[in-house]
Each structure stands twice: as structure tokens, then as C-alpha cells.
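Letter by letter, the chains look like this.
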Amino acid sequence: MPQTAQYTARRQSSNSLPRRIAKRVAEDRVLLLIVLLALLGGYMTYQHPEAFPHWDNFTAVLLDAAQSGILTVGMMILLVAGMFDLSVGATLAFGGIMAGTMVKLWGLPPGVGFLGGVLTGLFVGVVNGLIVTRLRINALITTLAMQNILRGVTQLVSPSGVANLPEGFRPFGQAMILGLQSPFWVMLIVALAAWFAMSRTRYFRQFYYIGSNAKAAMLSGIKVNRVVFAGFALMGLLSGLAGTLLASRLSNAVVLAGVGTELRAITAAILGGASLTGGVGTIPGALLAVLFMSLIQNALIIARVPVFWQSIVVGIVLLAALGIDQIGRSRR
């Protein structure tokens, strides 16, 4: 009786409400990120009430998250299919430089320049997709090589960037809507469209089947190469969009824009629930992860932590996300 009573007590203790809540939070990536955001926000509000809980700081965090959010949406879709793109930062810079060159040096209308920057990114994505699916070259090698090619081409096109872009080009990245700058609203539209596509449309659901088992997906009739090609093309399009918006927001097309953004996008996607082996991941998770990383960066700035610590923190978060991914895969 005593032993039975002790066993029952231990069992009841192990299934206590706090333990069940902790387990639920640990297993649900979206819920975990919401808790982390609340904890970090609460800590910063308590420690820095003079700087953190203000509208201006809130809009700065959302603006910082906009560019990364657009890139992370595309990276999440690629990772769901078991692919990734290391050239997104270079594509972003190249798209911005091409848009700036069109409107400033070639004298084209702002709308044409904006479209040109976006299509430049699409062109890069199409080339990446063709190399990966037609030439069967690994995505890591392909996009790493493309990253170096684009950095060189960008320097050739405009060695010092394009400064003081025309007034007519600036509203794309500087227009204010409900107190927030236009890049945030663009990111929100991109994220909502991607969420609907990934959760409600048959075509985009194919990315999950390919990431889970590409051979089985092919045997079931899915055109694997076409879907993967579309994923790379979409990633290039979103990179061009992010680069053109950045050039418009800064009124300058910067040659070194986007350095390190590929690592940030991959980190956010994995932290948001994606896996390097593919088959899993959600758009809401990716967006919450982007917001969490932007909040960490904002907290470091407010706390006056040296800039180099920001890259260290991003690396630590990536390692933590990969560790969580590894643990999750070992339990499946």
C-alpha cells in the first residue's frame, strides 16, 4: 500500500498542471516563441522603462523586422522543401543597386525602377532554380557561388552605390500608413499570402511532401523539379523586393546591403519551426521568430551592448535553434 501510494503520488506529481503547461509550451514552437517574446518584452519594460515601452521603439522593431520577414518567408518555403538559398543577401543588394541605377542614372520612371529591382531578384532566383534542378548541382554550392558572383557584379555595376535617389522613388519604402512605414505592410501582405498558400492551397502543400520524402512525392505524381524551381524563383523575387524597398527607404542603394541576412533568415526559419531536413515549418512561426530576433537586437542596442555582440547572439540563437531541431528529429 505505501509503495502503491508513493507511485501514484509520483505519477500525479509528474502530470501536474505546471508540468503539463511547460511540456505543451516546449512542444509547440509558436507558443514557445510567444512566451519568449512576452518574457523578453516584460524584462526590457522593467529594466528600461525610459526607452523600451514606447511607440517609436515599437515601430523601429517592426521596421527592422520587415526586411528579414520578407526574406524569411521565402526561406521558410524553401526549407520546407529541404532546400535553402545562401545568395539572398547578395540578391537583395543587387536588386537595390539595379533599381537605383534605373531611376537615378538611366532616368526611368520610379515605378519602372521598382519593378526592375524586383524582377532582377526574380531573374537570379530563376538561374538558381535552373542550376539546382536541371544541372543537379547541390543548393549549397549553387547559392554560395551565386552569392560571390553577385557581390562582384554589384561592384562592377556601381562600385560606390547609388546615392540620393529621386523623390518619386522614396514613397515605396518611406510612405506612412497607420503610423507604420510601408515595408512593414508589404511584409504583412507577403506573410498573409504565404500563410494562405502554404496552409490552404494544394500546389504549395507539395513543398511539405517533397521535404518529407522527395522520391515518394515523385512517385505520387508531383513534379518535384518544377516545384523546387518555383521555390527558388519565389525566393529570388522576395529578395529583389526586400532590396528595392531597402533602397527606397534609405534613399540610397548600398553595395554592401544584405551582408549576413541569409544567416539571419535561415536562423529565423529554423527557430520558427523549420528543419534542415525539410517537411516541417509554418509561416506564423517564422514571423514570430523574426520578431523575436529583432527584439533581441533592439534590447542589445538599448542596453548599449557593443555591436559585435549582435552577430555573436545571432550565432548562438542559430546553434540553439539547430539543437532544438536535432532534439525534435531524434524524438520522431
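Bear in mind that the values here come from a model prediction, so they are computed numbers and not experimental data.

**Student:** So what about the overall build of the protein chain? Which residues, and what values?
**Tutor:** Regarding its fold elements, the protein chain presents 15 helices and two strands. Taken over C-alpha atoms, the radius of gyration comes to 22 Å for the protein chain, in line with the 20 Å a tight globule of 332 residues would show. With the C-alpha coordinates of the protein chain rotated into their principal frame, the extents come out at 90 × 60 × 35 Å. Residues classed as buried in the protein chain amount to 47% of the 332 residues present. Carbon and sulfur atoms make up 67% of the accessible area of the protein chain, which amounts to about 16,700 Å² in all.

**Student:** Give a detailed account of the packing of helix H5 (residues 88–105) against helix H12 (residues 224–250), specifying residues and quantitative values.
**Tutor:** Working note: a packed helix pair is described by the angle between its axes plus the distance between those axes. Their axes nearest at 7 Å, the elements H5 and H12 cross at an angle of 55°. It follows from the interaxial angle that H5 and H12 lie oblique. Considering how the two elements wind past one another, H5 and H12 form a crossing that is right-handed. Residue-level contacts link Val88, Thr91, Leu92, Gly95, Gly96 and Ala99 of H5 to Met235, Gly236, Ser239, Gly240, Ala242, Gly243, Thr244, Leu246 and Ala247 of H12.

**Student:** I'd like a rundown of the pattern of salt bridges, residues and numbers included.
**Tutor:** All told, the structure shown has two salt bridges when counted by the stated rule. With a shortest N-O distance of 3.2 Å, arginine 264 and aspartate 64 are connected by a salt bridge. With a gap of 200 residues between them, arginine 264 in helix H13 (residues 261–271) and aspartate 64 in helix H4 (residues 55–80) connect regions that are remote in the sequence. Aspartate 64 gets classed as partly exposed once you look at its relative accessible area, which sits at 31%. Between glutamate 167 and arginine 170 there is a salt bridge; the shortest N-O distance is 3.2 Å. Classification of glutamate 167 as exposed rests on a relative accessible area of 59%.

**Student:** Can you break down the packing of aromatic side chains residue by residue, with the values?
**Tutor:** Inspection of the entire model under this criterion finds six aromatic pairs. Ring geometry for tryptophan 55 versus phenylalanine 58: centroids 5.5 Å apart, planes at 40°, classification tilted. A residue pair is termed a helical-turn pair when its members lie 3 or 4 positions apart in one helix, as tryptophan 55 and phenylalanine 58 do in helix H4 at three residues. When the centroid spacing of 5.2 Å and the interplanar angle of 70° are considered together, the rings of phenylalanine 184 and tryptophan 185 count as edge-to-face. Here a set of aromatic residues connected by ring pairs shows up, and it is made of Phe114, Phe169 and Phe172. Across the ring face of tyrosine 208, the terminal group of arginine 205 is positioned such that the distance to the ring centre comes to 4.8 Å.

**Student:** Provide a residue-level description of unusual backbone geometry, including the pertinent values.
**Tutor:** At asparagine 164, a position not held by glycine, the phi torsion is positive, near 50°. The residue serine 251 is not glycine, and still its phi comes out positive at about 65°.

**Student:** Break down the nonpolar core for me, citing the residues and quoting the values.
**Tutor:** Val73, Ile210, Leu241 and Leu271 are the most contacted members of the largest nonpolar core, which totals 82 residues. Top contributing element to this core by residue count: H4, with 13 residues. Not counting the four nearest positions on each side in its chain, valine 73 is found in contact with Val190, Ala191, Ala194, Leu238 and Ile283.

**Student:** With reference to specific residues and values, describe the packing of helix H9 (residues 182–200) against helix H14 (residues 283–302).
**Tutor:** In contact at an axis separation of 9 Å, H9 and H14 are set at 150° when each is read in the N-to-C sense. Our classification of the angle between H9 and H14 gives roughly antiparallel. Seen from H9, the contacting residues are Met187, Ala191, Ala194, Trp195 and Met198; seen from H14, they are Ile283, Pro284 and Leu287. For the contact of H9 with H14, the residue count by class is eight nonpolar, no polar and no charged.

**Student:** How would you sum up helix H6 (residues 110–134)? Please name residues and give values.
**Tutor:** Taking 1.5 Å of rise per residue, 25 residues should cover 36 Å, and H6 covers 36 Å from first to last C-alpha, within 8% of that figure. Downstream of H6 by one or two residues, arginine 136 has phi in the positive range, about 60°.

**Student:** How would you summarise a nonpolar patch on the surface if you had to cite specific residues and measurements?
**Tutor:** A cluster of nonpolar side chains, contributed by Leu105, Trp106, Leu108 and Val112, occupies part of the molecular surface with about 410 Å² of accessible area. For valine 112, the position within the fold is in helix H6.

**Student:** Before we move on, can you summarise the environment of valine 118 with the specific residues and values?
**Tutor:** With respect to the helices, strands and loops of the structure, valine 118 is situated in helix H6. Setting aside residues up to four positions removed in sequence, valine 118 forms contacts with Leu237, Gly240, Leu241 and Thr244.

**Student:** Which residues make up H9, and what values go with them?
**Tutor:** In a regular helix each residue adds 1.5 Å, so 19 residues correspond to 27 Å; H9 covers 27 Å between its end C-alpha atoms and thus fits that length. Among the residues of H9, those classed as buried are Ser182, Pro183, Phe184, Met187, Val190, Ala191, Ala194, Ala197 and Met198. Against the buried residues of H9 lie H4, helix H8 (171–174), strand S2 (180–181), helix H10 (202–212), H12 and H14.

**Student:** So what's going on with the environment of glycine 121? Which residues, and what values?
**Tutor:** Tracing the backbone shows glycine 121 in helix H6. Among the residues examined, glycine 121 registers a relative accessible area of 0% and is labelled buried. For glycine 121, the contacting residues outside a window of four places in its chain are Thr91, Gly236, Leu237 and Gly240.

**Student:** If you had to explain the environment of glycine 272 to someone new, which residues and values would you point to?
**Tutor:** With respect to the helices and strands, the residue glycine 272 is situated in the loop between H13 and H14. Considered as a pair, glycine 272 and isoleucine 131 are 141 residues apart in the sequence and their alpha carbons are 28 Å apart. Apart from residues lying up to four places away in sequence, glycine 272 is in contact with Arg29, Leu33, Met76, Thr282, Gly285, Ala286 and Ala289.

Thresholds, definitions, all that
Residues numbered from 1 in each chain as written. Predicted model: local features only at pLDDT ≥ 70, side-chain atom pairs only at ≥ 80, totals over all residues. Heavy atoms only, no water. Helix = DSSP H or I, 4+ residues; strand = E, 2+ residues; numbered from the N terminus. Rg over C-alpha atoms; globule rule 2.2 N^0.38 Å. Buried < 20%, exposed > 50% of the residue type's maximum accessible area, 1.4 Å probe, protein only. Areas by Shrake-Rupley, 256 points an atom, 1.4 Å probe, with all protein chains shown as cover. Axes fitted to C-alpha atoms, helices over the stretch in contact; angles between N-to-C directions. Parallel < 35°, antiparallel > 145°, perpendicular 65-115°, else oblique. Left-handed = near helix turned anticlockwise from the far one by under 90°. Contact = heavy atoms within 4.5 Å. Salt bridge = Lys/Arg side-chain N within 4 Å of Asp/Glu carboxyl O. Phe/Tyr/Trp six-rings, centres within 6.5 Å; stacked < 30°, edge-to-face > 60°. Lys NZ or Arg CZ within 6 Å of the ring centre and 35° of its normal. Core = buried A, V, L, I, M, F, W, Y, C linked by side-chain atoms within 4.5 Å. Nonpolar A, V, L, I, M, F, W, Y, C, P; charged D, E, K, R; others polar. Expected span 1.5 Å × (residues − 1). Patch = residues over 30% accessible without salt bridge, like charges linked within 9 Å, V, L, I, M, F, W, Y side chains within 5 Å.

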